[in-house]
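# Chains, contacts and geometry: an overview
Now for the letters of each chain:
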Amino acid sequence: PAQDLPEGATVAAEKAADKEVRIAFLSFQNNPFWIPVTDGAKAAKDYLSGFNGTVDYVDLGNELSAEAVVSGIEGALAQQYDGIVVVPIFDGTARIIDEAVDSGVPVFNIVAEGGVPSKRLAFIGQDATAAGKQIGEFIVDRMGGEGKLGVITGYFGATQHNNRMNGALDYIKAEAPDIEILGPFENKDKAESAYSLVEDMHTANPDLKMVYVTAGGPYGAAKAVQDLGLTGKVGVVGFDHTPENVRYLESGEMVGLLDQAPFQQAFDSTVMLFNYLVAGTKPPSDVIAVEGNLITPDSE
Amino acid sequence: MTTLAKAGAPALRSLLRHREASVLIMLLAIAVFLAFSNEYFLSSRNLLNVGRQASVVAIVALGQALVIIARGIDLSVGSVIGVSAVVAAVVLQATGIQSLGLLVGLLTGLVCGIANGLMVTRLRINPFIATLGMLSVARGIALLVTGGIPVMFTGWAEFLGAGRIWQIPVSFILMLILALAVHILATRHRLGREIYAIGDNPKAARLAGIDLKKTRLFVFGFCGCLAGLGGVILAGNLASADPNLGMGYELDVIAAVILGGTALNGGRGSIIGVVIGAMLMALLNNAFVLLGISAYWQVVTKGLVIIIAVGIDGLQRREDDE
Amino acid sequence: MTTLAKAGAPALRSLLRHREASVLIMLLAIAVFLAFSNEYFLSSRNLLNVGRQASVVAIVALGQALVIIARGIDLSVGSVIGVSAVVAAVVLQATGIQSLGLLVGLLTGLVCGIANGLMVTRLRINPFIATLGMLSVARGIALLVTGGIPVMFTGWAEFLGAGRIWQIPVSFILMLILALAVHILATRHRLGREIYAIGDNPKAARLAGIDLKKTRLFVFGFCGCLAGLGGVILAGNLASADPNLGMGYELDVIAAVILGGTALNGGRGSIIGVVIGAMLMALLNNAFVLLGISAYWQVVTKGLVIIIAVGIDGLQRREDDE
Amino acid sequence: MQSATRQGEEDGGGGNAVPTLPFVRLSNISKSFGSVSVLEDVSFEIRPGEVVGLLGENGAGKSTLMKIVSGEHAPDGGRVEIEGSEVQLASVGEGIARGISFVHQELSVVGALSVAENLSLGDLPRNRMGFVDRSRMRELASERLARIGAQAIRPEQETGLLRAGEQQLVEIARAAARNPKLLILDEPTSSLTPREVESFIQYVETARSAGTAIIFITHRLDEAIRLCDRILVLRNGEIVSEKPSSEVTRDGIISDMTGKPAMFEYARTPEVHDRTVLSLRSVGDGDLIEDITLDVAEGEILGLFGLVGAGRTELLETIFGARRMAAGRMEFCGERAQFAKPTEAMTRGMAIVPEGRKTAGILPQHSVRSNMSISSLGSMSPGGIVDRTREASQSSGYRDSLSIRMADDRQLIGTLSGGNQQKVLFARALMTNPKLLLLDEPTHGVDVGAKSEIYEIISNAADQGLAVIMASSEIPEIMALCDRVAVLSLGRLVGIVDRAALSEQRLLSLAFEGHV
Ligand SMILES: Nc1ncnc2c1ncn2[C@@H]1O[C@H](COP(=O)(O)OP(=O)(O)OP(=O)(O)O)[C@@H](O)[C@H]1O
Ligand SMILES: Nc1ncnc2c1ncn2[C@@H]1O[C@H](COP(=O)(O)OP(=O)(O)OP(=O)(O)O)[C@@H](O)[C@H]1O
Ligand SMILES: [Mg+2]
Ligand SMILES: [Mg+2]
C-alpha cells in the first residue's frame, strides 16, 4: 500500500513486513528542539503502520544524560523490540549500543552521538564540529575578520557543546587571528544567564561585535542586545529555528541561526531502520550528514 | 578567637560577631579587587547590572530565609519560578489582561507554596521531601501547560524584568523594597517574631501560644508567592516564559540564604545577610566576565569563594555549638 | 493512627511502625501495577536491569545515609562521582595499570570526602555550604583534568559497571555486598553505633567520650570513597569518563536516603531503607520506559510518588514531634 | 580560702579512718566566660571514700566547677591535681581515663540508642571480630542497672522512650559502671521517684565504702545533709563555707547560700473563693489519663500531686489544648471549651509555665525580653508592628515585680541562672493577663532563694484573683501554697484533699494507690 511521504521526509519504505516489526524510538523532551523530532517519529509511526510496522515513541525524560539513554536501551531490549532509534548524544552510550547490536537488535543513532565508535547501524545528524566550523565561517565573514566575539557555551564539558564551540573557534583562530575571543562562559543552557553574560560582556567591552551561543538560550543573548539598544551593532548567532530564536532574527538582534533538520532526521532514520529490518537494505552510508540550514535575516 | 578579631577596633569586633560579616568582608574584598583590576567595574552601569542580576535570587531568597528560619526548607522554588511564569504568560496570552497575568503568576506561586505548607503541616511530610516532590510536580505542570514550548510574555512583566527607572533596573528597586518590607516583617512584626520563635524552639513556641501550623503555612505560602514574582520577573526579562525557567535555582537561593548567616536549623538569620549573600553570588559571575577568568577555573573559584566566605566566620568563632 | 494501621494484623502494624515501611508499600504497589500492565516487567532481565540502574544511587546513598545519620549532609557526591571517574580514567590511560586506576578513583573520592570532613570539623563550616563549595570545586577539577573532553575508561571499571556474573550485573552484586557490610557496620559495629549517637545527641556523645571529629571525618571520607566507587562504576558502565558525570546526582541520592526513612536531623535511619529508597527511584524510571509515559507526566508522577510514599507514613503517625 | 582547705583536711574522710592522699585537689581555680567571672579562687579537695555535698544558688558556679574537674572546661587560673600530680585535662575522655565520671545536670543520654548501648557508650564491648558483642553488652547493662537498683529498666528498650527519671537512672548507671574513683552527680535526684531515690542512696553508700569519692550537687537540702560527709557552699563563684554535715543546719546552709538570713517558710493564708473558673467532667485523653473531674475557683491554688508518670503533665496539656481531649467535658469561665491547640487556650485566658525549662520553655537564641513578650505580642502590636517601647516597658515592669536578676534584658536568656529563667517564663505567662495559670513543676532545678521568690509570685497571682493549677513533686511546696490538692495515680484522680486535711502522709498514700 503506497502512501505519500510527509513533507520534509526523504526516505520511503521499500516493502511491508510479513511479521509485525517493532521499533522503539528513544528521545528526550525538554525544550522546543525536540518537538520536530517527536513529530518526525510520530509521522514515521503513522507512515509505517501501513507497512505492518509499529513505532513506539519512548520519552527518556527531561534530563539529558548518558545514564538515561542506557536505561532506555536496556528497557527496550527487555521488551524485545526489533530495532531501536536513539538520541545517544553522549560519549558512554557506545557500550550499550554494542550490546544491543550484539544481541541482534540494530540501533540507529540520530541527532548527536559520542566520540567513541560503536556498532550502530548508522548515524544521521549534524557533525557538531562541522556545524561549528560553518558558523565560524559565517562569523568571520560577518565580522569582517576583526573585532570582539563573546562565546557562551551550554555546559562546560558537554561534548556537543564543546565540538560546536571548538569547531568555530579553531577556524576563527586559524583564519581570522584579529578576532578577539571573550570567554567562553557557561550559561547552563539558560536564557537568563546568557542575558546577564551579554550585559557584563558589553560593559567590559563596549566594542563587542558578536556573540556566539553554542547551545541553549541564544534568545536571552538577543534580548540583552535589544534591551541594551545595540540592535544592529551587536549580532548573535546560535542554533535551532525555534520560534523564540526566529523572533529575534526578524527584529535583527539574531544574525544567524543554524538548524539540524530534526524532523527529517527522525523520520528518515526510522524508515531506514525499518527497511533494514524488513528488506535488509543498509543505509546509504555509516554517517548520513544532515546539512545545517543557516538562516539569516536576509534569507528570511 | 583569631588575632583578626582580637586586633580589630571594638567596632570591627562587634561587626564580626554578626554571622553575615564574613560574607560582607568577602563581598567587599572582591569589589575592591575588581575596582583595581577593571576600569568598568565601578561604572554605575556595571554596578546596576550586578544589582539586577542579583535581584531574582535575592527576592526568592527573602521567602526562603523565612522558611529556613522557621526550621523548614523549600527545594521547589526553582520549579515554582517556572510554573508561575508559564501560567502567567498563558493566561496573559489568552486574556490579554496585563494585571490578570501578573496576578495569576503570583497566585500560582502562592498555591504551590500553600500546597507545600499543607504537606508539611497537615500530612507531616518532612519539608525536604515535600518540596522535593513539589519540585518535580511543579516542573511537570509547567511542561504540560506549555507543551514544552516557551510562551511570549511581554507587557508589565517585561517592565518588571527589564525595565529601568532613571537607569535603575525595576527589578532591583523591587528587590530593595521587598527586602526592606521583609526586614521589617522579620524584626518588627509580630508574625516575624513568631517565625523566629518557632525556629528556635518549636515546642516552647507552641506552648507560648503560637499557632505553629498557621505560621508555617504562612512562610511556605509567602515563599511560594515570592518565587512566583521571581518567575514573572525572570520571564519578563526575557519576554518569554520557558517551562524550564528557574531550573536549579533552589541551590543558588539556599546558598544565598546560608551565606547570609541564616542557620539551617532555624531560629537565626537576618534579611540583610540574605541580600548580601545574593549580591556575592551575582558579583562572582560579574567578576568572571570582567576579569575574563578561564572557563574551568570559574567553576573552581566559585566553590572556593563560597567556602572561604563562610570559613572565615567558622574560624573566628569558638567551638560553641556542641 | 489511621484505620489502615488499626485494621491490620499485629504483624502489619509492627511493620508500619518502621519509617521505611510506607516506601516499601509504595515500591510493592508500583511493582504489582507494572506486573499487570506490562508483560516484560517480571522478566528476570528487566528486574536485573532495575537492580543495576538502582545500584550506583544506592551505593552512594549508603555513604550519604551515614553522613545524614551523623547530622551532616553531602551535596558534593555528584561532582565527586565525576572527578573520581575522570581522575581514575586519566591515570589508567597514562599508566595502563588497571588496579592503579581503580585505586586512584577510590582515593580521589576519599580525598574529596576528607576535605569535606575537615572543612566541617576543623573550619566549622556548615556541611551544607562546605559540600556545596566542594560541588563546584570538584566539578571544576574534573573539567580541568580532562580539558572538558570525556576520557575512555575500559577494563576493570567496565567489568564493574557493565559486567554480569550468571546474568546478574556486577554492580548490583557489589551494591548488595556493600549494603550488607554497611548495615552490619551501622547496627553491629562500634563505629556505627557511635555515628548514631553523635547524630542523635552530639553533646551526650561527646561527654560519653566519643571523638566527634574523628567520627565525622570518617563518615565524610567514607561517603566520598563510595561516591568515588560510584563514579568508577558509572563511567565503567559507559566505558567513558565524562567530566559532567554524576551532575545532579546529589538530589537523587539524598532523596533515596530520606525516602528510606532516615531523619534529616540525624540519629535515625536504616540501611535497608536506603536500598528500598534507591530501588523505588529506579523502579519509577523503569516504569516510565515500560509504560511509555510522556516526559512531562513522568516529571509530575515522580514528584507525586515521592510525596505519597512519605505522606502515608506521616498520616499514620501522631503528632509526636513537637 | 586557705583556712577552709585546712579545715577540710582535718575533717576530711568523714567516716573513713585512714587518712589517704586526696584524689582531687583544686587550688585557686578561677574561670570566666567572656567578661563574666564565674569562679574566683576556689580551692578544695576530696579523698577516696568521701561524699561531699556541693550546694549553692542557681548560677553559683557548681556545674562549672565540676566541668573543670572533669576536663570539659579548662580553668583560666589555678592548679588541678589528681592523685598528687598536677594535670591539665584536655578533654572529657582524659578525665574518664583518670577515673572521673560525671552525671550531668542536663540529661545526656542518646535517645536513638538502646539502654544497653547507652550504658556502654564510648566503650562498647567488642568481640574478636571487632563487632559489638551484643549479649555481653546486655549482660553488662543488666548488671549495671542492678547495681543502682534500677533493674526494672529493660536493657533493649529505646532510651528516648523512657521517662525522664528513668533516663536519669540510665545515666547514673553508666557513670557508676566505670567504677570511677571520683563520681560527680549534678542534681541526680531531681526527677526520681521517692523509691528510686532510696535505691540510689543505697548505691551511694555502697560506692562510698568501696572507696569512691563522690561529689553530690543538689537543691534538696535534707537529702544533702543526710547523705554527705562534708558540705561545701558556693556563692557567686566563691566557697563561703565548708563543714562536716553533722555541724550544719538547714537554716545555716540557706543563709550561707543566699548571704541573707534564712527565709521564712512560706505559708499562704487562703481567701474565700466562689466563682468557678475551670471545671472538668470525666476528662480523658484516650491514652494516659482518664475520667478526671475537678473544679478550680478564682483565686484558688489547686495542687496536682502524684508520682512521676501519674499523668499530671498530660492533664495540664489536655486542659491547655496541647493534647487532644478525647473524652469528657471542660468548661472555662462558664463556657464550654474544647481547644484544638494552645493558641486557642491562650486567647481564651489560659497560660502555662511548662515542665522542662530547656526543652519546652525557653527560646534559647532569643533575648530575655523577647522570651517574656512572645506570648503577648498580639496585644502590643497595633497593626501588627510590635510597639517596642511598650515591649521594653512591660519587660522592665516584670523584671522589677518578679525581681529577675540580669544585666540587661536584651541578653540571651541562656546566660541567666535557672531560677531567673524560670521567672522569665512566669513573666511570659503573667504578661498575657490570664484567668487561669497552669504550672508544671514550677521550681524544678531552682535554688532555695529563687524558690521562695517564685512562691511569692504564685501566691500574689492567686491573691489577684487568678486561678492556679500547680503540678509539683515537692510536698513541702504543695503544703505551703495549695488550697486544695488533687492527687493522681496511674492517670486517674484518686482524691482531692482540702487544706485542712493536708499532710505528707495523706498525699503519699493516695499517690501510691493502685501501685503494687
Ligand atoms: N558556657 C557558658 N558560657 C557562658 N556562661 C556560662 C557558661 N556556662 C555557665 N555559664 C554561666 O556561669 C554561671 C554559673 O553556671 P553554673 O552552671 O556553674 O551554675 P550552677 O551553680 O550549676 O547553677 P544551677 O544550680 O542552676 O545548675 C551562670 O551565670 C551561667 O550563666
Ligand atoms: N506509660 C508511659 N509510657 C511512656 N511514656 C510515659 C508514660 N507515662 C508517662 N510518660 C512520659 O513520662 C513523662 C512524665 O510523665 P507524666 O507527665 O505523666 O508524669 P507527671 O505526673 O507529670 O510527673 P512528672 O511531671 O513529675 O514527670 C512524660 O513526658 C510522659 O509523656
Ligand atoms: Mg548546675
Ligand atoms: Mg510532669
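Description of the structure in this document.

With that out of the way, let us pick up the overall build of chain D. A count of helical and extended segments in chain D gives 18 helices and 20 strands. In terms of overall dimensions, chain D is globule-like: its C-alpha atoms have a radius of gyration of 24 Å, near the 24 Å expected for 516 residues. Projecting the C-alpha coordinates of chain D onto the three principal axes gives extents of approximately 70 × 50 × 45 Å. Per-residue burial over chain D gives 58% buried out of 516 residues.

Okay, the site of ligand 2 next. All names here are of chain D. The immediate surroundings of ligand 2 are formed by 13 residues, with Gly 309, Arg 312, Thr 313, Glu 314 and Glu 355 found nearest. The contact in question runs from an oxygen atom of ligand 2 to an N or O atom on the side chain of Glu 355, over 2.7 Å. At a separation of 3.1 Å, an oxygen atom of ligand 2 approaches a polar side-chain atom of Glu 441. Within the complex, the protein chains bury 65% of what would otherwise be the 590 Å² of accessible surface of ligand 2. Split by residue class, the shell around ligand 2 holds four nonpolar, four polar and five charged.

On to the pairing of strand 17 (residues 436-440) of chain D, then. All names here are of chain D. The buried fraction of strand 17 is high, at five of five residues. Judged by which residues are buried, strand 17 turns out to be covered on both faces: Leu 436, Leu 438 and Asp 440 on one side and Leu 437 and Leu 439 on the other are all buried. Pairing of strand 16 (residues 350-353) with strand 17, which is carried by four bridges, proceeds in the parallel orientation. Considered in strand 17, the bridge of Ile 352 is made with Leu 438. Note that strand 17 and strand 18 (residues 467-471) share five bridges and pair parallel. What sits directly across from Leu 436, in strand 18, is Ala 467. Read from strand 17 through helix 16 (residues 448-463) to strand 18, the crossover connection turns out right-handed.

A few words on the interface of chain A and chain C. Size of an interface: often given as the accessible area lost when the parts come together. Counting residues at the interface gives 29 residues for chain A and 35 residues for chain C. Together, the buried faces of chain A and chain C total about 2600 Å²; carbon and sulfur atoms form 53% of this surface. Counting across the interface, chain A meets chain C through one salt bridge. We note a salt bridge from Arg 52 of chain C to Glu 74 of chain A, for which the minimum N-O separation is 2.7 Å. Counting only elements with at least two residues in the side of chain A that touches chain C, the list comes to strand 2 (53-59), helix 2 (66-78) and helix 5 (159-175) of chain A. Looking at which element gives the most residues to the side of chain A that touches chain C, the answer is helix 2 of chain A, with nine residues. Split into classes, the residues belonging to the side of chain A that touches chain C amount to ten nonpolar, 13 polar and six charged.

Summed over all chains, the structure comprises 43 salt bridges over all chains. Among the ionic pairs, Arg 164 of chain B bridges to Glu 199 of chain A, the shortest N-O distance being 3.6 Å. In this pair, Arg 164 of chain B sits in strand 2 (residues 164-165) while Glu 199 of chain A sits in helix 6 (residues 191-204), so the two residues belong to two different chains. Here Glu 453 of chain D and Lys 423 of chain D are joined by a salt bridge, their closest N and O atoms 2.3 Å apart. Separated by 30 residues along the polypeptide, Glu 453 of chain D in helix 16 and Lys 423 of chain D in helix 15 (residues 418-431) bring together distant segments of the chain. Judged on exposure class, the residue Glu 453 of chain D and its partner Lys 423 of chain D are both buried.

Turning next to helix 9 (residues 170-188) of chain B. Over its 19 residues, helix 9 of chain B extends 26 Å from the first C-alpha to the last, a length consistent with the 27 Å expected when each residue adds 1.5 Å. When we look at burial in helix 9 of chain B, the residues that qualify are Val 170, Ser 171, Phe 172, Met 175, Leu 178, Ala 179, Val 182, Leu 185 and Ala 186 of chain B.

All names here are of chain A. In the contact formed by helix 1 (residues 34-49) and helix 9 (residues 262-279), the axes pass within 7 Å of each other and the chain directions differ by 35 degrees. In this structure, the crossing between helix 1 and helix 9 has a hand that is right-handed. Together, Pro 36, Val 37, Asp 39, Gly 40, Ala 41, Ala 43, Ala 44, Tyr 47 and Leu 48 of helix 1 and Pro 262, Phe 263, Ala 266, Phe 267, Thr 270, Val 271 and Phe 274 of helix 9 make up the contact between the two elements. Taken together, the residues of the contact of helix 1 with helix 9 sort by class into 13 nonpolar, two polar and one charged.

Here we take up the interface of chain B and chain C. Facing 50 residues of chain B, the contacting portion of chain C comprises 50 residues. Carbon and sulfur atoms supply 77% of the area that chain B and chain C bury against each other, a total of about 4200 Å² over both sides. Seen at the junction of chain B and chain C, the total is zero salt bridges. At the boundary of chain B with chain C, the tally comes to two residue pairs in polar contact (both at pLDDT 80 or more). Of all the secondary-structure elements, those providing two or more residues to the side of chain B that touches chain C are helix 7 (127-146), helix 11 (202-207), helix 12 (212-238), helix 13 (249-259) and helix 15 (295-316) of chain B. A per-element tally of the side of chain B that touches chain C places helix 7 of chain B first, with 14 residues. Residues of the side of chain B that touches chain C, tallied by class, amount to 30 nonpolar, nine polar and eleven charged.

What counts, and where the lines are drawn
- Residues numbered from 1 in each chain as written.
- Chains lettered and ligands numbered in written order.
- Predicted model: local features only at pLDDT ≥ 70, side-chain atom pairs only at ≥ 80, totals over all residues.
- Heavy atoms only, no water.
- Helix = DSSP H or I, 4+ residues; strand = E, 2+ residues; numbered from the N terminus.
- Rg over C-alpha atoms; globule rule 2.2 N^0.38 Å.
- Buried < 20%, exposed > 50% of the residue type's maximum accessible area, 1.4 Å probe, protein only.
- Near = heavy atom within 4 Å.
- Polar contact = N/O pair within 3.5 Å; in protein donor to acceptor, adjacent residues only side chain to side chain.
- Areas by Shrake-Rupley, 256 points an atom, 1.4 Å probe, with all protein chains shown as cover.
- Nonpolar A, V, L, I, M, F, W, Y, C, P; charged D, E, K, R; others polar.
- Pairing = 2+ DSSP bridges.
- Right-handed = clockwise from strand over helix to strand, strands pointing away.
- Contact = heavy atoms within 4.5 Å.
- Buried area = accessible area lost by both parts, 1.4 Å probe.
- Salt bridge = Lys/Arg side-chain N within 4 Å of Asp/Glu carboxyl O.
- Expected span 1.5 Å × (residues − 1).
- Axes fitted to C-alpha atoms, helices over the stretch in contact; angles between N-to-C directions.
- Left-handed = near helix turned anticlockwise from the far one by under 90°.

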